[in-house]
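The residues making up each chain are set out below.
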Amino acid sequence: MAISTINPATGKLHKSFEPLKPTEIATKLDLAQQAFAKHRKTSFAQRAELIRGCAEILEKNQEAFASIMTLEMGKTYKSALAEVKKCAWVCNFYAEHAPEFLADVHVETDGSQSFVSYQPLGVILAVMPWNFPFWQVFRFAAPALMAGNVALLKHASNVPQCALAIEEVFQKAGFPEGVFQTLLIGASQVADIIADDRVKAATLTGSEPAGASLAAAAGKQIKKVVLELGGSDPFIVLESADIEAAVSTGITARMLNNGQSCIAAKRFIVAESIADKFEKLLLEKFQALKVGDPMEADTDIGPLATPGILDELDKQVQACRDAGAKVLIGGKPLSEGSGGSKGSGNFYPPTIVKDIPLDNPIAQEEFFGPVALLFRVPDIDAAIELANATPFGLGASAWTADPEEQKRLIKEVEAGAVFINGLVKSDPRLPFGGIKRSGYGRELSIQGIHEFVNVKTVWVK
């Protein structure tokens, strides 16, 4: 993919960038290594002042940053504003809590003193996705830099201006040159960077194939990686649930970021006794959603990020039809001017698909767009079995007023996060990550800052 800004609402090319040459990459790696030698010696107070500076810049310039996100990947402007604010939150969170998260932990042994010390690793490469182009970066960078590491960002090729704007945030906040650098490079250049001795670890948020590729490259070098990959998250609704609340939250959970979120609700698994009512309410709310210009305040769903994503989603819906499933609403790309779409952009309507045969592989796939898969089950046993019948295990939302059912869902649903009667979301205070083919390692909270440190045992006599 070329490194370019192409407005997904219009298909118009705005700007292109040349990827860095090997000599330019080598210069940036040298600079990162030199910066680490100094940055690791700074105090938590010094780092916190700089990270808080990032939060201030984000908040003061949130409209400009939100506009860049909407231009490059099509998220609604109102959701882009919320994303910038969340980035400021994670910066302030780690500025406040990093000292306690990384404080020495003293342990009684046969030594005069013994303790666990958390020390930075060095240069960390972050390979980040386009769907949350600011949030994904800051939730890695804030803890990594507060721990004393330095960062190299390889962002998705369709959000280069976001990548450069983020680098500018760190520069304007006062971070020394080389502490945070954006690398405008293609995917084929990543393996060589991972192989460089100056790079100590990597993190990737993205697709399963991209994660496997990075993990293989890092494995050859025996370097640690954190992977946050895809998900086919279940949204389970049982008989005692507040159906109206479940439907309302389910709409948000499915349509977040135009449906392009790893933790979006993708498979709605509903108890048979309430399925008719749930389906009716869901359909009514889908019909009321507005597809259109993502810059307009009343737009609910903007375009998908690229034509390739649109085509893949449409092929998946067609595969559902071919398998015998029924499409209740939507189900094909919007033509120019239809359904509120603007121009020739990558618009796909809110879509509900039901009656997908459970033995068909399409029932286990991740649908990255505004498509809800609707399943009916007789009881909680079947709901849990279906929820787990996927290679993914990122998040899960489950709705029930029964405390015993809640306990079972918490224990038995295979996911990195289970939210009971609520929307699955990331929060700086809670660890975030998945199991199975959704990846490994954790971001955010104390677990996130511990991923890229040397957990050093110290014993003194």
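Residues numbered from 1 in each chain as written. Predicted model: local features only at pLDDT ≥ 70, side-chain atom pairs only at ≥ 80, totals over all residues. Heavy atoms only, no water.

What follows concerns the overall build of the protein. Scanning the protein from terminus to terminus reveals 14 helices and 20 strands. Taken over C-alpha atoms, the radius of gyration comes to 23 Å for the protein, in line with the 23 Å a tight globule of 461 residues would show. Structurally, the protein occupies a C-alpha span of about 70 × 55 × 40 Å along its principal axes. Out of the 461 residues in the protein, the part that is buried amounts to 56%. The long-range fraction of contacts in the protein, counting pairs at least 24 apart against all pairs at least 6 apart in sequence, stands at 73%. Total accessible area on the protein stands at roughly 18,900 Å², and carbon and sulfur atoms take up 53% of it. Taking the average location of the 46 positive side-chain charges in the protein and that of its 54 negative ones, the two points are 4 Å from each other. (Helix = DSSP H or I, 4+ residues; strand = E, 2+ residues; numbered from the N terminus. Rg over C-alpha atoms; globule rule 2.2 N^0.38 Å. Buried < 20%, exposed > 50% of the residue type's maximum accessible area, 1.4 Å probe, protein only. Contact = heavy atoms within 4.5 Å. Areas by Shrake-Rupley, 256 points an atom, 1.4 Å probe, with all protein chains shown as cover. Lys, Arg positive; Asp, Glu negative; His and termini not counted. Charge placed at Lys NZ, Arg CZ, Asp CG, Glu CD.)

Core analysis: the biggest nonpolar cluster contains 126 residues, and L58, F134 and F138 have the highest contact counts within it. The element contributing the most residues to this core is helix α4 (residues 77-101), with 13 residues. Once residues within four sequence positions are removed from consideration, F134 is found in contact with L58, F65, M69, E83, C87, C162, A165 and I166. Ranked by size, the runner-up nonpolar core spans 29 residues in total, among them A9, A246, A265 and W399. (Core = buried A, V, L, I, M, F, W, Y, C linked by side-chain atoms within 4.5 Å.)

Before going further, it helps to spend a moment on the sheet that holds strand β12 (residues 326-329). An order of β12-β13-β14-β11-β10-β16-β17 is seen for the seven strands of this open sheet, with the pairing classed as mixed. Edge positions in the sheet fall to β12 and β17 (417-420), since each has one partner strand and no second. Along the sheet, successive strands turn relative to each other by an average axial angle of 25°, direction set aside. Both strand β13 (residues 351-354) and strand β14 (residues 371-377) contribute to a ladder of four bridges, which runs parallel. Looking at the pairing, V353 lines up with L373 of β14. This element, helix α9 (residues 243-255), spans β10 (234-237), β11 (267-271), β14 and β16 (395-399) of the sheet and lies at about 175° to β10. The sheet strands contacting helix α12 (residues 380-387) are β10, β11 and β14, and the helix crosses β11 at an angle near 170°. (Pairing = 2+ DSSP bridges. Axes fitted to C-alpha atoms, helices over the stretch in contact; angles between N-to-C directions.)

Turning our eyes to something else, we now look at empty space enclosed by the protein. The rolling of a water-molecule-sized probe over the atoms marks out the regions of remaining empty space. Counting across every chain of the model gives four cavities of 30 Å³ or more. The space that makes up the largest cavity amounts to roughly 100 Å³. Lining the largest cavity are 15 residues; nearest its centre among them are R139, F140, P143, G448 and F452. Of all the secondary structure elements, the ones that give two or more residues to the lining of the largest cavity are α5 (135-146) and α14 (445-450). In terms of residue count, α5 provides more of the lining of the largest cavity than any other element does, four residues in total. Of the residues belonging to the lining of the largest cavity, the class tally is eight nonpolar, three polar and four charged. (1 Å grid on protein atoms, 1.4 Å probe; cavity = no way out; pocket = protein on both sides within 12 Å on 5 of 7 lines; lining within 4 Å. Points joined across faces, edges and corners; volume = space filled by probe spheres on them. Nonpolar A, V, L, I, M, F, W, Y, C, P; charged D, E, K, R; others polar.)

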